[in-house]
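# Reading the structure
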Amino acid sequence: MASDVSKLSDPLDRVLSVEIARVTERAAVAAAMLRGRGDERAADQAAVDAMRRELQAMAIDGTVVVGEGERDDAPMLYVGERLGLGGPEVDLALDPLEGTTICAKSLPNALTVIAVAARGSLLVVPDVYMEKIAIGPGYAEGIVGLDRTPRQNIEALARAKGVPVDRITACILDRPRHAKLIEDIRATGAAIRLIGDGDVAGVIHTTDPESTGIDIYMGIGGAPEGVLAAAAIRCTGGQIQGRLQLNTGEKRNRADKLGLTDPERIYKLSDMVRGEVIFAASGVTDGNLLDGVRFYASRTVTHSLVMDSRNGTLRDMRTRHLTSTASDS
Ligand SMILES: O=P(O)(O)OC[C@H]1O[C@](O)(COP(=O)(O)O)[C@@H](O)[C@@H]1O
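Computed from a prediction, not measured in an experiment: that's the story for all the values here. (Residues numbered from 1 in each chain as written. Predicted model: local features only at pLDDT ≥ 70, side-chain atom pairs only at ≥ 80, totals over all residues.)

### Examining the pairing of strand E1 (residues 61–66)
Residues in a regular strand project their side chains so that they alternate between the two faces of the sheet. Across five bridges, the pairing between E1 and strand E3 (residues 89–98) is parallel. Residue pairing across strands places Asp61 opposite Glu89, the latter belonging to E3. (Pairing = 2+ DSSP bridges. Helix = DSSP H or I, 4+ residues; strand = E, 2+ residues; numbered from the N terminus.)

This is the structure in C-alpha cells:
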C-alpha cells in the first residue's frame, strides 16, 4: 500500500488511531506492575515486550524510526525493526517507558508513548541530546526560539500571554547542565518546575497550562524524545524547536550518516514531523495530565490520550481491562 499522507485517511487508518491506544495501554499495564520496585530495567523490558507484542498484531507495515536504540544494543524495538501483520506503510516513533527511573521510584509522570506517521515523515535522529524549547497553542509563530536568550524568550511569552513575567512557569529537567539556564530564568522573575525525568511529558504539559501550570519547556534532553514530543505538538498545536547537541566528532558522524549535516541547525516542528501523525500516550504513574494505571480485583484501568493531527481530535480515554486479560499480554 502506498505511504502518502492521503492514504492515511482511508477507513483502515481511522481504525488505527483508536487501535494504537491499545499499544500504549498494554505497555503501561506491564510497566505499572513493576512500579516502585527500584528495577528500571525490568520495568522497561516489560513495557518493551508488551508494546512489541501489540504492534506485531496490528494491521500495519511499520518501521521503527525512533526506538530503543541501534539494532546491536536493542534486541527489540530497535531502529529499523519492521513490525505488524502488513498494511499501510508507517513510521513508528516509540518509547515503551518514558521515565524508567520515575517508574522504578513510583514518582509522577511516567508514560508509554508512540507516534505513527506515513513512512518518511518523521525526522530520524541519532540517540544524542537535543536542546529544546516548546510552548502550547495560541501564540504567533516564532515568538520564542532557540536563537534567543532565555530572558528574551520568557519576556516574549509573558507579553504574548498578557501576564507579568512572574506568572510564567518554565519546566526544566533537573540536571547540572542546566545550572546557567535555571539561573537566567530565575533572574527574570519567572518560576521553574524542575522535573527529575520525562521531558516528553514536560513538553506536552505546555499544551494545557491551565491544567499543568507549565507555560514553556526549555533545556536539553534526548533527541528521540524531542521527535516524540514534536509529534504530540503537531496534534495539539503549539511550537517546538530542537537543536542536536553534536559536541564530538563521533556524534557529528552519526548525525551525518542520517543526513543531518549541519550541527548548528535548529529543527522546527515541520522539520521533525513532516506530515500527519497519530500520537498516543498512557499514564504509568499519576501525572499532571494522565492518571497512572489503577489495579482493582476484577479490572485494571488505564488513562490515555490519543491525538490525531488529521482531524484535530484529542481523545481522553479511560479503558477498563478485565484483570484476566490486562496482564496476560
Ligand atoms: O537523563 P538524561 O541523560 O539527562 O537524559 C534526559 C532524558 O531522559 C529522560 O528523562 C528519561 O529517559 P528514560 O525513560 O530513557 O530513562 C527523558 O525524558 C529525557 O529526554
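After that view of the structure, there is still more to cover.
### Some words on the environment of Thr100
Topologically, Thr100 is positioned in helix H3 (residues 100–105). A residue is classified by how many C-beta atoms lie within 10 Å of it, and Thr100, with 23 of them, is buried. Along the sequence, Thr100 and Gly38 sit 62 residues apart, while their C-alpha atoms lie 9.7 Å from each other. Thr100 has contacts with Glu40, Ala43 and Asp44, leaving out every residue within four places of it along the chain. (Buried ≥ 20, exposed ≤ 12 C-beta atoms within 10 Å, placed from the backbone. Contact = placed C-beta atoms within 7 Å.)

### Details of the domain arrangement of the protein
Under the domain assignment used here, the protein contains domain 1 (5–121 + 277–326) and domain 2 (129–272). Taking only C-alpha atoms, the centre of domain 1 and the centre of domain 2 are 23 Å apart. On the side of domain 2, 19 residues touch domain 1, which itself brings 22 residues to the contact. When residues of the side of domain 1 that touches domain 2 are traced back to their parent elements, those giving at least two are E3, H3, strand E4 (111–118), strand E11 (277–283) and strand E13 (299–308). Tallied by class, residues from the side of domain 1 that touches domain 2 come to 13 nonpolar, six polar and three charged. (Domains from an automatic or database assignment. Nonpolar A, V, L, I, M, F, W, Y, C, P; charged D, E, K, R; others polar.)

### Focus on the UniProt feature "binding site: substrate" (unreviewed entry) in the protein
With numbering matched to this structure, UniProt assigns "binding site: substrate" (unreviewed entry) to Glu98, Gly99, Thr100, Tyr129, Arg175, Pro176, Arg177, Asp197, Gly198, Asp199 and Gly222. Inspection of the secondary structure puts Glu98 in strand E3. Every residue in contact with Glu98, bar those within four places of it in the chain, is listed here: Ala110, Leu111, Thr112, Val113, Gly198, Val200 and Glu225. Here Asp199 is to be found in helix H6 (residues 199–205). Not counting the four nearest positions on each side in its chain, Asp199 is found in contact with Leu173, Tyr217, Gly221, Glu225 and Ala229. (UniProt positions renumbered as here; feature names shortened; annotations may be inferred.)

### Considering unusual backbone geometry
Positive phi outside glycine occurs at Leu77, with the angle close to 60°. Relative to the elements of secondary structure, Leu77 occurs in the loop between E1 and strand E2 (82–83). Accessibility expressed as a C-beta count within 10 Å gives 22 for Leu77, which makes it buried. Its identity as a non-glycine residue notwithstanding, Ser106 has a phi of 55°, on the positive side. You can see Ser106 is positioned in the loop between H3 and E4.

### Thoughts on the UniProt feature "binding site: Mn(2+) 1" (unreviewed entry) in the protein
Look at the UniProt record and you will see "binding site: Mn(2+) 1" (unreviewed entry) annotated at Asp44 and Glu68. Of the residues just listed, which span 25 residues, no C-alpha pair is farther apart than 9.9 Å, and they cluster in one region. Looking at the secondary structure, you find Asp44 in helix H2 (residues 40–56). Secondary-structure assignment places Glu68 in the loop between E1 and E2. If we skip the residues at most four places from it in the chain, Glu68 touches Val48, Ala74, Met76, Leu77 and Tyr78.

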